[in-house]
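# Topology and contacts: notes
Single-letter residue listing:
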Amino acid sequence: STPEVRAWIEAQNALTFAYLEGLPARERFRERLEELWDFPKRSAPFRRGERYFQFRNSGLQNQDVLYAMNSPHDEGRALLDPNALSEDGTIALRNLAVSPDGRFLAYSTSASGSDWQTWRVREVETGQDLPEALEHSKFSTATWLPDASGFFYSVYPAPRAGEAYTEANADARLLLHRLGSAQAEDERVYERPDEPQWMFGSAVSDDGKYLILTVSRSTEPKNLLFYRELGSSGAFLPLVSSWDAQVVFLGNDGERFYLRTDAGADRGRVVALELSDPQPTAWRDVVPETEDTLQAARLVGDTFACVYLAHASHRLRLVSTGGEARGEVALPALGSLAELNAEREHDELF
């Protein structure tokens, strides 16, 4: 910020806190809130290879700490503590992805609330970071190759001097980074100079055969979907090529792809399509639209675990890939399902 803005903020804070700190009940409220917030918290674990991972907070930590475990019930060890990344707490953990074999953790950080992300890679066994630091990333996740030799991520052009926080977001590129190589050697996987507002996300199918490309723009809840065989340098083929709906890739059985979408179903459904005829007119309902809103779905083996919003609380229902209802998972109380973690090849759902 400019010196004038910084001075204005400091003056505002001086005025505000001079008043607030004089309120007789302020300390009592602070102590009571701290008491209410100070309890251990744990997220739902997730599995990669033979390892499990979980975010934990001892109570009042600013950021949750990532633990690595040998089993869901193992006490494990701290693998990444974002609170230790900076003395003043201004470096935040933004995104992470563990390789399919559980050997590597790709994680991105940002400084002082910036959208700019830097990607690093940590060895899970040793807790040590590899030398690489990938700059100029924004709004990006990491998608690992099946053999953990590298991952896909998104970058933007390097900002001009003094304009890192003022330039418009334009001209994203999807890159493939190979472990141990310089960022300058990263392979350009997809870019669209003719569509500067497009943003790219990626997924690799569970069978390791396909690379899925998701295209979005701004925060609009609609997207395009493309695919090509993993390892190919050919053109991406369209699955969804019009901005009509939200479409999320869930998994595949060979050339049959499963998608969660609100196309033709405002409250959501799961459909199957064949690559031989991917047009929406040929989509087949696997989980049809219901009176409740389908908010998330995960594929575990041959079963979809579907999270529904019903009368302001969540329900968890199971449906086979063939469309057979397999009942509802009883939840301990009315409430919200904040996380749903599963891998297709395992029989665990967290």
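Quick summary incoming for the structure in this document.

Calculation criteria
- Sequence positions are assigned chain by chain, starting from 1 and proceeding in written order.
- Per-residue local features are limited, in this predicted model, to residues with pLDDT of at least 70; the limit for side-chain atom pairs, both in listing and counting, is 80 or more; totals at the level of whole chains, interfaces and linings are taken over all residues.
- Only hydrogens and water are set aside when side-chain values are computed; all heavy atoms of the structure are taken into account.
- Strand pairing requires that DSSP identify at least two bridges connecting the strands.
- Numbering of helices and strands runs from the N terminus, with a helix taken as a DSSP run of H or I at least four residues long and a strand as a DSSP run of E at least two residues long.
- Exposure above 30% relative accessible area and the lack of any salt bridge qualify a residue for a patch; like charges then connect within 9 Å, and the nonpolar side chains Val, Leu, Ile, Met, Phe, Trp and Tyr within 5 Å.
- In these tables, accessible area is a Shrake-Rupley quantity obtained with a 1.4 Å probe, and a residue counts as shielded only by the protein chains included in the view.
- Any carboxyl oxygen of Asp or Glu that lies within 4 Å of a side-chain nitrogen of Lys or Arg is treated as forming a salt bridge with it.
- Exposure classes here rest on a 1.4 Å probe applied to the protein chains alone. A residue is buried below 20% of its type maximum, exposed above 50%, and partly exposed in between.
- The term nonpolar core refers to a set of buried residues drawn from Ala, Val, Leu, Ile, Met, Phe, Trp, Tyr and Cys, joined through side-chain atoms within 4.5 Å.
- Residue contacts are defined here by distance: any two heavy atoms, one from each residue, within 4.5 Å place the two residues in contact.
- Axes here mean lines fitted to C-alpha atoms, for a helix over just the part in contact, with angles spanning 0 to 180 degrees between N-to-C directions.

## Here's the deal with the pairing of strand 9 (residues 129-138)
- Relative to strand 9, strand 8 (residues 116-123) is paired through five bridges, and the arrangement is antiparallel. Within strand 9, the residue paired with Arg122 across the bridge is Asp129.
- Between strand 8 and strand 9, which pair antiparallel one after the other, the connecting turn spans five residues, and Gly127 there sits at a positive phi close to 75 degrees.

## Let's talk about a nonpolar patch on the surface
- Taken together, Leu33, Leu36, Trp37 and Leu60 make up a surface patch of nonpolar side chains, about 400 Å² in accessible area.
- Looking at where Leu36 falls in the secondary structure, it is placed in helix 2 (residues 26-37).
- Classification of Leu36 by relative accessible area gives partly exposed; the value is 45%.

## Describing the nonpolar core
- Counting 20 residues, the largest nonpolar core has Phe152, Phe200, Leu213 and Val215 as the members making the most contacts within it.
- Elements with a minimum of two residues in this core: strand 12 (173-178), strand 13 (187-191), strand 14 (198-204), strand 15 (210-217) and strand 16 (224-229).
- Ranked by residue count, the leading element in this core is strand 14, at four residues.
- Once residues within four sequence positions are removed from consideration, Phe152 is found in contact with Thr141, Ala142, Thr143, Leu145, Leu174, Leu175, Leu176, Val189, Ser202, Val204, Leu211 and Leu230.
- If you look at the next biggest cluster of nonpolar residues, it comprises 16 residues, including Val240, Phe257, Val271 and Leu275.

## Focus: the sheet that holds strand 24 (residues 313-320)
- Spatially, the four strands line up as an open sheet ordered 22-23-24-25, and their pairing is antiparallel. The open sheet is flanked by strand 22 (293-300) and strand 25 (325-329), the only strands paired with a single partner. Sheet twist, expressed as the average angle between the axes of neighbouring strands with direction ignored, equals 25 degrees.
- Where strand 23 (residues 303-310) and strand 24 come together, eight bridges link them in antiparallel fashion. Residue pairing across strands places Ala310 opposite Ser313, the latter belonging to strand 24.

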